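# Structural overview for review
Here is what each chain is made of, one letter per residue.
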Amino acid sequence: MDLSVTTRKNISGNKPQNKERAAIAQMFNKIAWRYDFLNHFFSFHIDKIWRRKAVNELCGRQLDKVLDVATGTADLALAIQKRLHPGHITGVDISEGMLTVGRQKIEKTGLEQQISLEYGDSAALPFNDLTFDAATVAFGVRNFEHLEKGLGEMFRVLKTGGKVVILEFSIPQNRIFRSIFHFYFFRILPFVGRLVSKDAHAYNYLPDSVQSFPHGAEFKSKMESCGFSGVTVRPLTFGIASIYAGIKQNT
Ligand SMILES: C[S@@+](CC[C@H](N)C(=O)[O-])C[C@H]1O[C@@H](n2cnc3c(N)ncnc32)[C@H](O)[C@@H]1O
């Protein structure tokens, strides 16, 4: 695996790229047109409830600036705006295809002043230290090529006292649910995903990436080692997904 950074220009501007990041961006570019439909379809629309629960983690906070990392088609950014009305939300992502769909949704809802989307890599967020009151990621950390760097970058750009909220797939602890989850994720989802998205790779990548990703206590300890305090883990729907939240106590 070649992780060397090149400064080659790509079609979406003058952005440093490496091969792995470019491959992930390309994969999401390809499925962007079908992403929202498949997301809701495969999760029986439960993903909307999970995002709402993630937004709940920010209730009661003074929110001027919010950052949504790996914002994709901006579902979480839109949910935060509709529910909490922060001053401004910035969404960043490495897939221009996903950002384009996200911008269209933001325009449709007339929220262009409140939410802006831009290219941004989790490993080198294009913002100053101590900028945001909250940082969020939904189903994105699993794709970061450098998890610790991504968590560290969110820690850096948060203001002191700021909160990070991460929603991600996890593996159910209960053996019966785990078997059902495996069957669905490894058999049904890749097959239907391939048919509907016309992309053979993306819906094989999804279960593989979930399987190999740290969850529960292991992910909590990664957040703690990146500086977050008071980290909580909240399993959702038998542990198929989890919400992790933590505070930046000091710099
Ligand atoms: C499964 S989608 C999640 C999108 C959205 N947050 C949601 O809730 O539906 C994962 C997103 O992570 C983005 N992504 C992957 N690696 C990234 C990185 N290093 N920096 C920023 N975004 C990244 C992908 O382009 C994709 O849009």
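See the structure shown above.
As a starting point, this report considers the structure included with it.

## A look at the sheet that holds strand β1 (residues 65-69)
Taken together, the 7 strands give an open sheet; going across it, the order is β3-β2-β1-β4-β5-β7-β6, and neighbouring strands pair in mixed fashion. Every interior strand has two partners, whereas the edge strands, β3 (115-119) and β6 (229-236), have only one. Adjacent strand axes in the sheet meet at a mean angle of 15° when their direction is disregarded. In this structure, β1 lies alongside strand β4 (residues 132-138), joined through 4 bridges in parallel fashion. Residue pairing in the sheet places V66 in a bridge with A134 of β4. Relative to the sheet, helix α3 (residues 75-84) contacts β1, β2 (88-93), β3 and β4, its axis offset from that of β4 by approximately 135°. Docked against the sheet, helix α5 (residues 147-157) engages β1, β4 and β5 (158-169), running at close to 145° with respect to β5.

## Some thoughts on unusual backbone geometry
The phi torsion at H45 lies on the positive side, around 70°, for a residue other than glycine. Residue position: H45 is located in the loop between α1 (19-42) and α2 (46-56). Residue class for H45 comes out partly exposed when judged on its relative accessible area of 41%. Even without a glycine there, the phi angle at F238 is positive, about 65°. You can see F238 is positioned in the loop between β6 and β7 (241-247).

What counts as what
Residues numbered from 1 in each chain as written. Predicted model: local features only at pLDDT ≥ 70, side-chain atom pairs only at ≥ 80, totals over all residues. Heavy atoms only, no water. Pairing = 2+ DSSP bridges. Helix = DSSP H or I, 4+ residues; strand = E, 2+ residues; numbered from the N terminus. Axes fitted to C-alpha atoms, helices over the stretch in contact; angles between N-to-C directions. Contact = heavy atoms within 4.5 Å. Buried < 20%, exposed > 50% of the residue type's maximum accessible area, 1.4 Å probe, protein only.

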